[in-house]
Amino acid sequence: MSTTVSKKVAFLGLGHMGGPMAANLVKAGYEVLAFDPVPAAQDQAREDGATVVHDAARAVADADVVITMLPNGRIVLDVYGDILSAAAPGTLFVDCSTIDVADAKAAAELAAAAGHRAVDAPVSGGVAGAAAGTLTFMVGGAEADFADALPLLEVMGGKVVHCGGAGVGQAAKVCNNMILGISMIGLSEAIVLGEKLGLSHDKFFDVVSTASGQSWALTSYCPVPGPVPTSPANNDYQPGFATALMSKDLGLAAGALAANGVDGQIGQLAAQIYSRFNQDEAGKDFSAIVTDIRKRSGGERE
Ligand code: NAD
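Residues numbered from 1 in each chain as written. Predicted model: local features only at pLDDT ≥ 70, side-chain atom pairs only at ≥ 80, totals over all residues. Heavy atoms only, no water.

## With respect to the packing of aromatic side chains
Moving on, step 1. A complete count under the given rule lists 5 aromatic pairs for this structure.
Moving on, step 2. Ring centres 5.2 Å apart and planes at 25° place the aromatic pair Trp216 and Tyr221 in the stacked group.
Moving on, step 3. An aromatic cluster is defined as three or more aromatic residues linked by ring pairs; in this entry it consists of Trp216, Tyr221, Phe241, Tyr274 and Phe286. (Phe/Tyr/Trp six-rings, centres within 6.5 Å; stacked < 30°, edge-to-face > 60°.)

Shown next as structure tokens:
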């Protein structure tokens, strides 16, 4: 099934997302030099056919393209600081982590100053999309660098959009996830209000899924069990997309709203609501916010 592809790819960060993304590159015939400090992630990568190396600088020294899928912007900048000097001049750096727009621009500038090329390429689609190779990539960077990254991104994704210059991929990601966080809270408040008013979940779904209150949060990710059998609500809110990640993304959105002088009152409030929920339920799916709203509303229902 695999074809031989000449490019060598260093892949740093083999967690829930990076692990399956790297595995899809191997399946497509790329030689993948994989690095992650966690032994379980290394074992899985080895099983998936990647060459596991025990030092990030060694992984990048031999690579044409370096992909990072890391927890946050501080780690991305630290890792870039450690590895840029080890890479051959002109190496293409593709950061798929979700990080602040300013950090993404700083990472691109560091790469350019070291004689390399860089794009930000955050993703949407979650762990299932990473495994299936159907992620949506939002890319920021120069046209020629986007074109070079495209064949790799098309292996890992179903849709790839060049959004603009450095950092603009992260801009698309922060806007999308701010909408998602806000809409999940609004939907959950309406569901709890419906419960108080005697409206069943099934009837709520039947009406709202085809009325003007319709949203992806309802029709693909319904936060109560029943109407959408695949949603995390049917599995005791196991993620899915963890509250910790939504809280992080809304923190990035709140910072971006403030830094750019946008009067984003609902975005700021959504960040506060998820930050509070994150203190107790970081590991639950973000759609479990409905249970918190119900609890704070004196509701009984499970
Ligand atoms: P994760 O915590 O499962 O994986 C991160 C990996 O990075 C871990 O395996 C960790 O050991 C590794 N790591 C940490 N420091 C490192 C270093 N210095 N060098 C190499 N590896 C290092 O997180 P994840 O869910 O895979 O998310 C990764 C990124 O993707 C985050 O920025 C997240 O916001 C974003 N994202 C996640 C999802 C999702 O549904 N999980 C969806 C879209 C975007």
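## Notes on the environment of Ala41
Moving on, step 1. Position of Ala41 among the secondary structure elements: in helix 2 (residues 39-47).
Moving on, step 2. Residue class for Ala41 comes out buried when judged on its relative accessible area of 12%.
Moving on, step 3. Spatially, the C-alpha atom of Ala41 lies 5.8 Å from that of Leu14, the residues being 27 residues apart in sequence.
Moving on, step 4. With sequence-adjacent residues up to four places away left out, Ala41 is seen in contact with Leu14 and Asp36. (Helix = DSSP H or I, 4+ residues; strand = E, 2+ residues; numbered from the N terminus. Buried < 20%, exposed > 50% of the residue type's maximum accessible area, 1.4 Å probe, protein only. Contact = heavy atoms within 4.5 Å.)

## What about the packing of helix 8 (residues 168-196) against helix 12 (residues 265-281)?
Moving on, step 1. Between helix 8 and helix 12, whose axes approach to 9 Å, the crossing angle comes to 70°. The orientation of helix 8 relative to helix 12 falls into the category roughly perpendicular. Counting all contacts with helix 8, which are made through Met178, Gly181, Ile182, Met184 and Ile185, the residues of helix 12 involved are Ile266, Gly267, Ala270, Ile273 and Tyr274. (Axes fitted to C-alpha atoms, helices over the stretch in contact; angles between N-to-C directions. Parallel < 35°, antiparallel > 145°, perpendicular 65-115°, else oblique.)

## Here's the deal with the pairing of strand 8 (residues 135-140)
Moving on, step 1. With 5 of 6 residues buried, strand 8 lies mostly within the body of the structure.
Moving on, step 2. Here 2 bridges tie strand 7 (residues 123-124) to strand 8, and the two strands are oriented antiparallel to one another. Bridging across to strand 8, Ser124 finds its partner in Thr136.
Moving on, step 3. Bridge count for strand 8 against strand 9 (residues 157-164) is 6 bridges, and the pairing is parallel. Pairing of Leu135 across the sheet is with Gly157, part of strand 9.
Moving on, step 4. Handedness of the crossover joining strand 8 and strand 9 through helix 7 (residues 143-156) is recorded here as right-handed. (Pairing = 2+ DSSP bridges. Right-handed = clockwise from strand over helix to strand, strands pointing away.)

## Structural notes on the layout of surface pockets
Moving on, step 1. The computed volume of the largest pocket comes to approximately 1200 Å³.
Moving on, step 2. Met17, Gly126, Val127, Phe241 and Leu245 are the residues nearest the centre of the largest pocket, which is lined by 40 residues in total.
Moving on, step 3. Of all elements in the fold, only strand 7, helix 6 (126-132), helix 8, helix 10 (216-219) and helix 11 (243-259) reach the threshold of two or more residues within the lining of the largest pocket.
Moving on, step 4. Tallying contributions element by element places helix 8 first for the lining of the largest pocket, with 6 residues.
Moving on, step 5. Taken together, the residues of the lining of the largest pocket sort by class into 20 nonpolar, 16 polar and 4 charged.
Moving on, step 6. Both of domain 1 (8-165) and domain 2 (171-296) provide at least three residues apiece to the lining of the largest pocket. (1 Å grid on protein atoms, 1.4 Å probe; cavity = no way out; pocket = protein on both sides within 12 Å on 5 of 7 lines; lining within 4 Å. Points joined across faces, edges and corners; volume = space filled by probe spheres on them. Nonpolar A, V, L, I, M, F, W, Y, C, P; charged D, E, K, R; others polar. Domains from an automatic or database assignment.)

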